[in-house]
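These are the residues of each chain, in order.
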Amino acid sequence: MEAAGIRFVVDPLATALVLAYVASGICLGTISGLTPGLHANTFALLLASLASAVPGPPQYVAAAMLAAGVVHTFLDIVPSLALGVPDPAMAATALPGHRLVLEGRGREALRLSALGSGLAVLAAVPLAIPLTKGMRAGMPWLEAHLSVVLTAVVAVLIMSEPDRAARIGAALAFAASAALGFAALDLPVGGVVPIGNTLAPLFAGLFGAPILLDSIGGAGVPPQDEPVVLTTRWLVVGLAAMGTLAGAVVGFLPGVSSAIAATMVLLAMPRARGAREFVVATSGVNTATAIFALVAFVTFGSTRTGVVVAVDSVNAPQSLALWLLAIAIASLAGFTLVILVGDRYLRVVGRLDNTRLSVGVLALLVVLLWLLSGVVGLGIFLAATAVGLLPPRVGARRVSLMGVLLGPLIL
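Keep in mind that what you see is a predicted model, and the values were worked out from it rather than measured.

Novice: Report on empty space enclosed by the protein, specifying residues and quantitative values.
Specialist: Under the counting rule described, the total for this entry stands at two cavities of 30 Å³ or more. As a volume, the second largest cavity reaches approximately 40 Å³. If you go around the second largest cavity, the residues you meet are Val154, Leu157, Ile158, Phe174, Ile260, Val399, Ser400, Met402 and Leu406. Top element by residues in the lining of the second largest cavity is helix 7 (residues 146-159). It accounts for three residues. Tallied by class, the residues present in the lining of the second largest cavity amount to eight nonpolar, one polar and no charged.

This is the structure we're talking about:
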């Protein structure tokens, strides 16, 4: 093939091999994204521990890992919507996605999530390089003032709670999770399949188990309405764009999670603070982060996400064009799978007994954590679960529990 005097040579065998690796990554990301309680970073660290045993060119193995991580960011909305749905009487304290499920709008939430993630990819790929250049200029200042910046983020999160009682509750939840972080982050853990850190039991306890415990005795997933998207087209586009920019912050700024970034997006858009808007913003941030974290790794050598840690572990020659192509293909697959698999997932879960399902998922979570982090990890998980039960009981958002990372970083 020739264009403007430049000859491009396409190697069919190499192309087929790349596509095979990307397809395998898509399959792995589908399995992990639909597995209850398996956080994206935990999955990525598992990949990192197994990467050396995967045959093939390291840059292709890295492409497969990136594809898996991106598909996971599309699909992890599915079990989070279907599992842990509380009793309707507790809808006021439920997660935004669960509130939509209780209203019969779960299928709409899946499509909003797919749109948020898909639009974020379209925006993030062309913006990744110029935004990274801007961050290159600002990184020295940011690193010098990191504690001040993170303290300001925490102050905004706490003060944005709706009333005084919720602000006090958010401050208590932040302090408790920060103390947990100080005590547990550096503890040695090791299970049958060691992952080398305590993030898996901490996040499972803070954000997973409390939701499942609160759903025991609830009615589960009610019948869902038709998947008509009620949010206006331009609002979805605007939220996805803001989520993309927020994903850049998450990709470069340590300790800031997707939930924090999504909350900041909604605070910046006062007319867009409902459950639908939160789903779009969070999905956009999640997927954009995967792209910006990769570019930050290529540019600065920083490893902000578990997937990038996994990529770094294979010692592959940097192949940004190949890796962005893998992300683009995985994004198309993830967008399609959310809709095809998500509706069926909600229907199947809706037919099951919610209490037995919640207890079963909790048991699965305990077994998984024991395999990954051993007895010490289970102790951390129990302590984190106790802390994680606090926010909804004081009317505060669960995002205040990110003190587990922010507290140690600030100090």
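Novice: Lay out the environment of Leu322 with the relevant residues and their values.
Specialist: Relative to the elements of secondary structure, Leu322 occurs in helix 14 (residues 320-350). On the accessibility criterion, Leu322 (19% relative accessible area) is buried. Separated by 56 residues in the primary sequence, Leu322 and Leu266 have C-alpha atoms spaced 34 Å apart. Apart from residues no more than four positions distant in its own chain, Leu322 is found in contact with Val18, Gln59 and Tyr60.

Novice: So what's going on with the nonpolar core? Which residues, and what values?
Specialist: With 113 residues, the main nonpolar core has Ile260 and Trp323 as its most contacted residues. Element by element, the count of residues in this core is highest for helix 12 (residues 275-300), at 14 residues.

Novice: Lay out the packing of helix 11 (residues 258-268) against helix 12 in plain terms, naming residues and giving numbers.
Specialist: The contact between helix 11 and helix 12 brings their axes to 9 Å, and the two run at 130°. Taken together, the axis directions place helix 11 and helix 12 in an arrangement best described as oblique. Pair helix 11 / helix 12 crosses with right-handed handedness. Contacts from Ser258, Ala261, Ala262, Thr263, Val265 and Leu266 of helix 11 reach helix 12 at Glu277, Phe278, Ala281, Thr282, Val285, Asn286 and Thr289. Broken down by class, the residue content of the contact of helix 11 with helix 12 amounts to seven nonpolar, five polar and one charged.

Scoring rules and cut-offs
Residues numbered from 1 in each chain as written. Predicted model: local features only at pLDDT ≥ 70, side-chain atom pairs only at ≥ 80, totals over all residues. Heavy atoms only, no water. 1 Å grid on protein atoms, 1.4 Å probe; cavity = no way out; pocket = protein on both sides within 12 Å on 5 of 7 lines; lining within 4 Å. Points joined across faces, edges and corners; volume = space filled by probe spheres on them. Helix = DSSP H or I, 4+ residues; strand = E, 2+ residues; numbered from the N terminus. Nonpolar A, V, L, I, M, F, W, Y, C, P; charged D, E, K, R; others polar. Buried < 20%, exposed > 50% of the residue type's maximum accessible area, 1.4 Å probe, protein only. Contact = heavy atoms within 4.5 Å. Core = buried A, V, L, I, M, F, W, Y, C linked by side-chain atoms within 4.5 Å. Axes fitted to C-alpha atoms, helices over the stretch in contact; angles between N-to-C directions. Parallel < 35°, antiparallel > 145°, perpendicular 65-115°, else oblique. Left-handed = near helix turned anticlockwise from the far one by under 90°.

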